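# Architecture at a glance
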Amino acid sequence: LNHSDIASLATGYVRGTGINAGIYGAHLVNEKSVFDYYAAGAFGRHSFDLDFDRETIISATGDYTYFGFFYGAGLEGEFQKQDTKLFQS
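Residues numbered from 1 in each chain as written. Predicted model: local features only at pLDDT ≥ 70, side-chain atom pairs only at ≥ 80, totals over all residues. Heavy atoms only, no water.

### Some remarks on the pattern of salt bridges
Applicable threshold: Basic side-chain nitrogens of Lys or Arg form a salt bridge, by our definition, when they fall within 4 Å of a carboxyl oxygen of Asp or Glu. The secondary structure listing takes helices from DSSP runs of H or I that are at least 4 residues long and strands from runs of E that are at least 2 residues long, numbered from the N terminus. Accessible area is worked out with a 1.4 Å probe on protein chains only. A residue is then buried under 20% of its type maximum, exposed over 50%, and partly exposed in between.
Counted according to the given criterion, the structure contains one salt bridge. One salt bridge in this structure joins Arg45 and Asp63, with 3.1 Å as the shortest N-O distance. Taken as a pair, Arg45 in strand E3 (residues 33-53) and Asp63 in strand E4 (residues 57-81) lie far apart in primary sequence, 18 residues in all. With a relative accessible area of 46%, Asp63 lands in the partly exposed category.

Here is the structure:
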């Protein structure tokens, strides 16, 4: 459970729960290069009830649900084809 107090611009609350998890791995291709990868996901739900004190009080209430999936891969190292270096990180 997450709870945040809104300080200077509004009074009220934002409350919610969420999870973020992932995996990471790496594989040695040869003595000079590594292939690495990751995948992660996140999801959660939050609600809010805020009052903005202006000439008239502006109230904002609601909730939102979010989700996402992230992935990527990389190749690190040095590769040479004859006399030309192709990639180096």
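### Concerning a nonpolar patch on the surface
What counts is decided by this rule: Patches in this entry comprise residues that are over 30% relatively accessible and not in a salt bridge; like charges within 9 Å are linked, as are nonpolar side chains (Val, Leu, Ile, Met, Phe, Trp, Tyr) within 5 Å. The accessible surface values rely on the Shrake-Rupley method and a 1.4 Å probe; as for residues, cover is taken only from the protein chains in view.
On the surface, a cluster of nonpolar side chains totalling about 330 Å² of accessible area is made up of Val29, Phe35, Tyr37 and Leu75. By relative accessible area, Phe35 is classed as partly exposed at 34%.

### Some points on the packing of aromatic side chains
Basically, it comes down to this: Centres within 6.5 Å make a pair out of two Phe, Tyr or Trp rings, where for Trp the six-membered ring is used; the pair is then stacked when the planes are under 30 degrees apart, edge-to-face when over 60, and tilted otherwise. A positively charged side chain is recorded as over a ring if its NZ (Lys) or CZ (Arg) lies within 6 Å of the ring centre. The angle to the ring normal must also be within 35 degrees.
By the definition in use, this model includes two aromatic pairs. Taken together, a centroid distance of 5.9 Å and an interplanar angle of 35° make the contact between Phe69 and Tyr71 tilted. Residues Phe69 and Tyr71 agree in their burial class; the two are exposed. Sitting over the face of the ring of Tyr13, Arg15 holds its NZ or CZ atom 4.0 Å from the ring centroid.

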